[in-house]
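Okay, here's what each chain looks like letter by letter:
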Amino acid sequence: MTSDEREISTAALTADGVPSPDGSLDMQRDGEFPPIWRFAVTYRPPAALPRELPALVAESALVQWKSKNAVPEIGLDGQRLALWWLFHHWRHTQSEGPWERGYPEHAALMRALVKAIHLELYQEESWWWEPNHEPTDEERWQRALGRSTEGRDVGELYDIAANVLSQAIEQREAGAEDPLNLPLIEEDPLRGARVHAAYLLARGLVTSGGGRTLEEARDAAYATAASLGA
């Protein structure tokens, strides 16, 4: 049994893309997964994640659900990870008979996870904490990245860019004609590629929006890194 649902990053999720938590949990007659499980498999655990972690997160969530009737506050990535594990539990046990009847607590947690994911996305998209504010596309982008592991990666890139700009300010104070002409020497090639990407980002921050001073660009980089949890 497979699903052709494409992977959707947590940063790209929208409330409209989350199915009803009240939908069917049984295999459809045409052999397709029901909408809830098709949504579950749009998540893929990162390759670097320890193999034991999905089960640990989901089973811990199940314990909390049984004891407190509440979904743990593990963030959207954590909730999707637990949902992904529940899908695999369903896949290996659904042939035993009506799954929700056989595993009522697993099914209840699954529905609660879907509901919690939808609620968080809906609240974020409605900008409920500032009802009179009209968020810019950049603000929405930062919020979306901040809710996911992808956001931390981008936040780190902005943090490195801020450090590059700090070095450029030092170069300028020392009299350099092109303070952003910095030696980018890294022994680790992967780190070197990331620093180079941050250098290009730093230059873009200086030239975007009609031009910024080095200090303004550095402050903007630090602010963005902080908003993304770096």
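Attention here is on the structure that accompanies the text. Predicted model, so just to flag it, every value in this text is computed and none were measured.

### Side note on helix α6 (residues 137-146)
Then, number 1: When we look at burial in α6, the residues that qualify are Gln142, Ala144 and Leu145. Taken around the axis of α6, the buried residues stretch over an arc of 165°, which confines them to a single face.

### Things to note about the packing of helix α3 (residues 75-93) against helix α5 (residues 104-126)
Then, number 1: In the contact formed by α3 and α5, the axes pass within 10 Å of each other and the chain directions differ by 150°. In terms of orientation, α3 lies roughly antiparallel with respect to α5. In this structure, the crossing between α3 and α5 has a hand that is left-handed. Together, Leu76, Gln79, Arg80, Ala82, Leu83, Trp85, Leu86 and His89 of α3 and His106, Leu109, Met110, Leu113, Val114, Ala116, Ile117, Glu120 and Leu121 of α5 make up the contact between the two elements.
Then, number 2: Of the residues contributing to the contact of α3 with α5, the split by class is 12 nonpolar, three polar and two charged.

### Overview of the layout of surface pockets
Then, number 1: Considered as a void within the structure, the second largest pocket measures approximately 190 Å³ in volume.
Then, number 2: Lining the second largest pocket, in full, are Val71, Pro72, Glu73, Ile74, Gln79, Ala112, Lys115, Ala116, Leu119 and Glu120.
Then, number 3: Looking at side-chain class alone, the lining of the second largest pocket contains six nonpolar, one polar and three charged residues.

### A closer look at the side chain of Glu124
Then, number 1: With respect to the element layout, Glu124 can be found in helix α5.
Then, number 2: A relative accessible area of 8% means that Glu124 is categorised as buried.
Then, number 3: Discounting residues that sit within four places of it in the chain, Glu124 has contacts with Trp129, Arg140, Arg143, Ala144 and Arg147.

### Regarding the pattern of salt bridges
Then, number 1: In this structure the tally under the stated criterion is six salt bridges.
Then, number 2: When the shortest N-O distance is used, the salt bridge between Lys66 and Glu105 registers 3.5 Å. Within this pair, whereas Lys66 is found in helix α2 (residues 53-68), its partner Glu105 is found in helix α5, the two being separated by 39 residues in sequence.
Then, number 3: When the shortest N-O distance is used, the salt bridge between Asp178 and Arg203 registers 3.3 Å. Here Asp178 is found in the loop between α7 (149-173) and α8 (189-207), whereas its partner Arg203 is found in helix α8, with 25 residues between them in sequence.

### Looking at unusual backbone geometry
Then, number 1: The residue Asn69 is not glycine, and still its phi comes out positive at about 55°.
Then, number 2: In this structure, Asn69 sits in the loop between α2 and α3.

### Focus on α5
Then, number 1: Across its 23 residues, α5 extends 33 Å between first and last C-alpha, which sits within 8% of the 33 Å expected from 1.5 Å per residue.
Then, number 2: Looking at the buried side of α5, the elements it contacts are α1 (35-40), α2, α3, α4 (99-102) and α6.
Then, number 3: Immediately beyond the C-terminal end of α5, within one or two residues, lies Trp127, with a positive phi of roughly 55°.

### Observations regarding the nonpolar core
Then, number 1: The biggest cluster of nonpolar side chains holds 30 residues, and the ones touching the most others in it are Trp37, Leu83, Met110 and Ile117.
Then, number 2: Elements represented by at least two residues in this core include exactly α1, α2, α3 and α5.
Then, number 3: Tallying contributions element by element places α5 first for this core, with eight residues.

### Things to note about the packing of aromatic side chains
For any pair of aromatic rings, geometry is given as the distance between the ring centres together with the angle between the planes.
Then, number 1: Scanning the model with the defined rule gives eight aromatic pairs in all.
Then, number 2: Where Trp37 meets Trp90, the ring centres are 5.3 Å apart and the plane angle is 25°; that geometry is what we call stacked. Linking Trp37 in helix α1 with Trp90 in helix α3, this pair joins segments that are 53 residues apart in sequence.
Then, number 3: Seen from their ring centres, Phe87 and Trp90 are 5.9 Å apart, and the 35° between their planes marks the pair as tilted. One end of the pair is Phe87 and the other is Trp90, both in helix α3 and three residues apart, which spans about a single turn.
Then, number 4: Here the aromatic cluster, defined as three or more aromatic residues joined through ring pairs, consists of Phe33, Trp37, Phe87, Trp90, Trp99 and Tyr103.

Parameters and conventions
- Residues numbered from 1 in each chain as written.
- Predicted model: local features only at pLDDT ≥ 70, side-chain atom pairs only at ≥ 80, totals over all residues.
- Heavy atoms only, no water.
- Buried < 20%, exposed > 50% of the residue type's maximum accessible area, 1.4 Å probe, protein only.
- Helix = DSSP H or I, 4+ residues; strand = E, 2+ residues; numbered from the N terminus.
- Arc of directions from axis to C-beta.
- Axes fitted to C-alpha atoms, helices over the stretch in contact; angles between N-to-C directions.
- Parallel < 35°, antiparallel > 145°, perpendicular 65-115°, else oblique.
- Left-handed = near helix turned anticlockwise from the far one by under 90°.
- Contact = heavy atoms within 4.5 Å.
- Nonpolar A, V, L, I, M, F, W, Y, C, P; charged D, E, K, R; others polar.
- 1 Å grid on protein atoms, 1.4 Å probe; cavity = no way out; pocket = protein on both sides within 12 Å on 5 of 7 lines; lining within 4 Å.
- Points joined across faces, edges and corners; volume = space filled by probe spheres on them.
- Salt bridge = Lys/Arg side-chain N within 4 Å of Asp/Glu carboxyl O.
- Expected span 1.5 Å × (residues − 1).
- Core = buried A, V, L, I, M, F, W, Y, C linked by side-chain atoms within 4.5 Å.
- Phe/Tyr/Trp six-rings, centres within 6.5 Å; stacked < 30°, edge-to-face > 60°.

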